[in-house]
Amino acid sequence: MTHEMPTPGSAAVPPPRPGTPPTIADVARVAAVSKTTASDALRGHGRVSGPTREAVLEAARRLGYAPNRSARSLRTSVTDTVALYLPEFLTSAEYSMAFVFGVAEQAARAGLNVTLLSSGHLPQHGTAPQVDGLVLCDPAPEDPVVRHLMNTGLPVVTAERYAGDQRPTGVVRSDHEASMTELLDHLRDRGARRPALIASEATSDWSLTLQRTHARWCADHGVPLVLREAPIGATPEALRGVARDLLAQEPGIDAVVCAPDGAAAAVLPELRAAGRTVGGDLLLASCVDCSAMRTAEPPITAIDLRPRSMGAECARLLCEILSGRTPPGTVRTLPVELNMRASTRAW
């Protein structure tokens, strides 16, 4: 007489004893997999096929299984800690600090600690941070820390897409092509016909998307492409130098769009020194909103990237992947909006 192996969800699998909380072994039995496979599927680790992962998640839902964090930490390498990597040149940017707070607040709600990794503390070759997962903010493929972290085997959620060879475990992104197009259309509606872009030299997905969108928009509208790049992490003095050279070389421009965080406010004095009236014969806009845009005179039109919400959504997605509630490979979109202010009024 032969006996068939139970299939996932099979009634032949004995349920947990009444009054006893279900265990990972119970989930494994119901899903007809090993305990290791069940654990990997729930935490988003290892190489688990889509159907197997779904079977484990369904078994956990049916049983009402919830992991015991304290016991799990003793039995496994789980640390109940996630890491956030931020290049040191971004630590003074308002966007980055708001992003950090968003990650920390959401992780705390999930009962997780957050440790901050910086480019000044590159992990030793072949080692990985002692954390359960990683959040990377707009990672650039040329960053050696990013490349190292992407190769650790830990679950990684990125804010914006990663342009390198590795694929993150999850992505939270915004439609920067649409928001940049809206901004350029707004400038055109206000009379601008030769908008210039001061971009960042960074090769992150965000930076490259802004440059591609600006180039496409100029081609579509038959206007000259005027682009200048500022060094990564450029100081206000360096940004003013870029603006000064731009105005000297391209005196016919009638709008300036600044990509780097805070750059539009930094170049404002240089624009005035060149005899241009911001909001009059020259429109000014920023691809990143911050307090400096709101308090400038005149206030500067900017795209609100919602950094705190972005950080929170990255942490939420990482937590869901670690717990098995959301499958690896998930991509989510965070809406952004254009805040129109006096620096782009019609003349």
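Residues numbered from 1 in each chain as written. Predicted model: local features only at pLDDT ≥ 70, side-chain atom pairs only at ≥ 80, totals over all residues. Heavy atoms only, no water.

**A look at the environment of Asp289**
Here's step 1: Position of Asp289 among the secondary structure elements: in the loop between β9 (283-286) and α11 (291-295).
Here's step 2: A sequence separation of 13 residues divides Asp289 from Ala302, and the C-alpha atoms of the two residues are 4.9 Å apart.
Here's step 3: Not counting residues within four places of it along the chain, the set of residues in contact with Asp289 comprises Arg294, Ala302, Ile303, Asp304, Asn339 and Arg341.
Here's step 4: Reaching out from Asp289, the side chain makes a polar contact with the side chain of Arg341 at a distance of 2.9 Å. (Helix = DSSP H or I, 4+ residues; strand = E, 2+ residues; numbered from the N terminus. Contact = heavy atoms within 4.5 Å. Polar contact = N/O pair within 3.5 Å; in protein donor to acceptor, adjacent residues only side chain to side chain.)

**Regarding the sheet that holds strand β7 (residues 226-230)**
Here's step 1: On the basis of which strands lie adjacent, the open sheet formed by six strands has the order β7-β6-β8-β9-β10-β12 and mixed pairing. Taken across any chain shown, the strands that pair with only one partner, and hence form the sheet edges, are β7 and β12 (337-339). Pairs of neighbouring strands in the sheet enclose a mean axial angle of 20 degrees, with direction left out of account.
Here's step 2: The pairing of strand β10 (residues 301-304) with β12 spans three bridges and is antiparallel. Bridged to Ala302 within β12 is Asn339.
Here's step 3: Helix α9 (residues 236-249) contacts β6 (195-200), β7 and β8 (255-258) of the sheet and is inclined by roughly 160 degrees relative to β7. (Pairing = 2+ DSSP bridges. Axes fitted to C-alpha atoms, helices over the stretch in contact; angles between N-to-C directions.)

**Describing the packing of aromatic side chains**
Here's step 1: Taken as a whole and judged by the stated rule, the model has one aromatic pair.
Here's step 2: For the ring pair Tyr95 and Phe99, a centre distance of 6.4 Å and an interplane angle of 15 degrees mean the geometry is stacked. Pair noted here: Tyr95 and Phe99 are both in helix α5 (residues 94-109), with a separation of four residues, about one helical turn. Neither residue differs from the other here; Tyr95 and Phe99 are each classed as buried. (Phe/Tyr/Trp six-rings, centres within 6.5 Å; stacked < 30°, edge-to-face > 60°. Buried < 20%, exposed > 50% of the residue type's maximum accessible area, 1.4 Å probe, protein only.)

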